[in-house]
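Results of the structural survey
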Amino acid sequence: MTKRYIKPAREGLVVRQPQNGKPIPDDGIWVDWSGHWARRKLEGSIVEAKPPAKTKAVSKSAATKLKEAD
C-alpha cells in the first residue's frame, strides 16, 4: 500500500479519517492510499500536497548539553 500526503481541498473543510473519524488537519497528514481517499480526491474534498520539510530533532542529551552551556 502506498502512502500519500493529503490535506483538505480548502481551509475549514472537515474531511474525516475512515479508521477513527478524526478530521484530517488543515496542514495535511500521511495516509495509506485506498479507494476511500481516491473517491475523496475525485469529489474534490482532498488534494495531494507536498509534505513539510523534515527538521532535525534535538536529542535529549544534546538538549541537556545546550542547557548546561547557558
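Residues numbered from 1 in each chain as written. Predicted model: local features only at pLDDT ≥ 70, side-chain atom pairs only at ≥ 80, totals over all residues. Heavy atoms only, no water.

**Considerations on the nonpolar core**
One broad rule of soluble globular proteins: the nonpolar side chains tend to lie buried together. Core analysis: the largest hydrophobic core is formed by 7 residues, namely Ile6, Val15, Ile24, Val31, Trp33, Trp37 and Ile46. Setting aside residues no more than four positions away along its own chain, Val31 makes contact with Thr2, Lys3, Arg4, Ile6 and Trp37. (Core = buried A, V, L, I, M, F, W, Y, C linked by side-chain atoms within 4.5 Å. Buried < 20%, exposed > 50% of the residue type's maximum accessible area, 1.4 Å probe, protein only. Contact = heavy atoms within 4.5 Å.)

**Observations regarding the side chain of Gln17**
Tracing the backbone through its elements, the reader meets Gln17 in the loop between β1 (3-8) and β2 (29-32). Setting aside residues no more than four positions away along its own chain, Gln17 makes contact with Lys22, Pro23, Ile24, Ile29 and Trp37. (Helix = DSSP H or I, 4+ residues; strand = E, 2+ residues; numbered from the N terminus.)

**Things to note about the packing of aromatic side chains**
Per the stated rule, a full pass over the model turns up 1 aromatic pair. Measuring from centroid to centroid gives 5.4 Å for Tyr5 and Trp30, while their planes differ by 70°, and the two rings are edge-to-face. Placement of the pair is Tyr5 in strand β1 and Trp30 in strand β2, with a sequence separation of 25 residues. Overall, Tyr5 belongs to the buried group, its relative accessible area being 8%. According to the relative accessible area criterion, Trp30 is partly exposed, its value standing at 46%. Positioned over the ring face of Trp33 is Arg4, at 4.3 Å from the centre of the ring. (Phe/Tyr/Trp six-rings, centres within 6.5 Å; stacked < 30°, edge-to-face > 60°. Lys NZ or Arg CZ within 6 Å of the ring centre and 35° of its normal.)

**Observations concerning the environment of Val47**
You can see Val47 is positioned in strand β3 (residues 46-48). The contact partners of Val47, leaving out residues within four places of it in the chain, are Tyr5, Ile6, Lys7, Pro8 and Ala9.

**Structural notes on the sheet that holds β2**
Ordered in space as β2-β1-β3, the 3 strands form an open sheet in which the pairing is antiparallel. The strands lining the two open edges of the sheet, one partner per strand, are β2 and β3. For this sheet, the mean inter-axis angle between neighbouring strands, taken without regard to orientation, is 50°. Note: β1 against β2, 4 bridges, orientation antiparallel. Bridge assignment links Lys3 to a residue of β2, and that residue is Asp32. Helix α1 (residues 35-43) rests against β1, β2 and β3 of the sheet, and its axis sits at about 105° to β3. (Pairing = 2+ DSSP bridges. Axes fitted to C-alpha atoms, helices over the stretch in contact; angles between N-to-C directions.)

It is worth stressing that arrangement in space is one thing and function is another; only the former is reported here.
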